Amino acid sequence: QVQLVESGGGLVQAGGSLTLTCAGTLQPFTRWTMGWFRQAPGKERELVAEISRIGDSTRYADSVKGRFTLSRDNAKNTLVLQMNRLKPDDTALYYCAASIRVGFTTQSADYDYWGQGTQVTVSS
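Student: With reference to specific residues and values, describe the sheet that holds strand β3 (residues 18-24).
Tutor: Here 4 strands make up an open sheet; going across it, the order is β1-β3-β8-β7 and the pairing antiparallel. Both outer strands of the open sheet, β1 (4-7) and β7 (68-73), are each paired with one neighbouring strand and no more. This sheet shows a mean twist of 15 degrees between the axes of neighbouring strands, independent of strand direction. One ladder, built from 6 bridges, connects β7 with strand β8 (residues 78-83); its direction is antiparallel. For Ser71, the partnering residue across the bridge sits in β8 and is Val80.

Student: Any chance you could break down the packing of aromatic side chains for me, citing the residues and the numbers?
Tutor: One pass over the structure, following the stated rule, counts 5 aromatic pairs. Above the plane of the ring of Tyr95 lies Arg45, whose end atom (NZ or CZ) is 4.0 Å from the centre. Over the ring of Trp114 we find Arg45; its NZ or CZ atom is 4.6 Å from the centre of that ring.

Student: Report on the state of the cysteines, specifying residues and quantitative values.
Tutor: Summed over the entire model, instances satisfying the criterion amount to 1 disulfide. With a sulfur-sulfur separation of 2.1 Å, Cys22 is cross-linked through a disulfide to Cys96. Of note, the bridge from Cys22 to Cys96 carries an S-S torsion of about -75 degrees and is left-handed in sense. Taken as a pair, Cys22 in strand β3 and Cys96 in strand β9 (residues 92-99) lie far apart in primary sequence, 74 residues in all. Given a relative accessible area of 0%, Cys96 falls into the buried group.

Student: Describe the nonpolar core, with residues and values.
Tutor: Ranked by size, the top nonpolar core spans 29 residues in total, and within it Met34, Trp36, Leu81, Met83 and Tyr94 carry the most contacts. For this core, the secondary structure elements donating two or more residues are β3, β4 (33-39), β5 (46-51), β7, β8, β9 and β11 (118-123). By residue number, the principal contributor to this core is β9, which donates 4 residues.

Criteria and cut-off values
Residues numbered from 1 in each chain as written. Predicted model: local features only at pLDDT ≥ 70, side-chain atom pairs only at ≥ 80, totals over all residues. Heavy atoms only, no water. Pairing = 2+ DSSP bridges. Helix = DSSP H or I, 4+ residues; strand = E, 2+ residues; numbered from the N terminus. Axes fitted to C-alpha atoms, helices over the stretch in contact; angles between N-to-C directions. Phe/Tyr/Trp six-rings, centres within 6.5 Å; stacked < 30°, edge-to-face > 60°. Lys NZ or Arg CZ within 6 Å of the ring centre and 35° of its normal. Disulfide = S-S within 2.5 Å. Buried < 20%, exposed > 50% of the residue type's maximum accessible area, 1.4 Å probe, protein only. Core = buried A, V, L, I, M, F, W, Y, C linked by side-chain atoms within 4.5 Å.

This is how it looks when you write it as structure tokens:
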């Protein structure tokens with residue numbers, strides 16, 4: 001059974017940092033493009049960042065560029081989102097997702113597997 005399990009969410013003050021981790025059971029992990037999405041109350045789910053299968057390419061939403069860094073460790077089947085200089089607008093439920101597609105997509109419908117999400121709350 002495929003599982004994606006997120007961890008690392010929490011409450012932080014504006015300007016602070018959090019590290020989100022996603023552990024997956026997908027095999028082989030290198031077969032999957034990975035991404036983080038987020039959804040705030042009353043808003044649509046949006047892409048935060050994506051990373052290629054071997055981790056040599058990333059893409060970020062404009063709203064997080066320069067503040068967030070996405071990486072993956074294929075030997076450990078993990079995905080890490082380092083979030084710095086957090087803002088109240090970053091408050092959302094953050095989801096890890098896996099796509100069998102080659103290449104990036106901003107569409108959540110193109111992702112095949114999802115985690116349950118981890119809450120990030122940034123206070124002002």
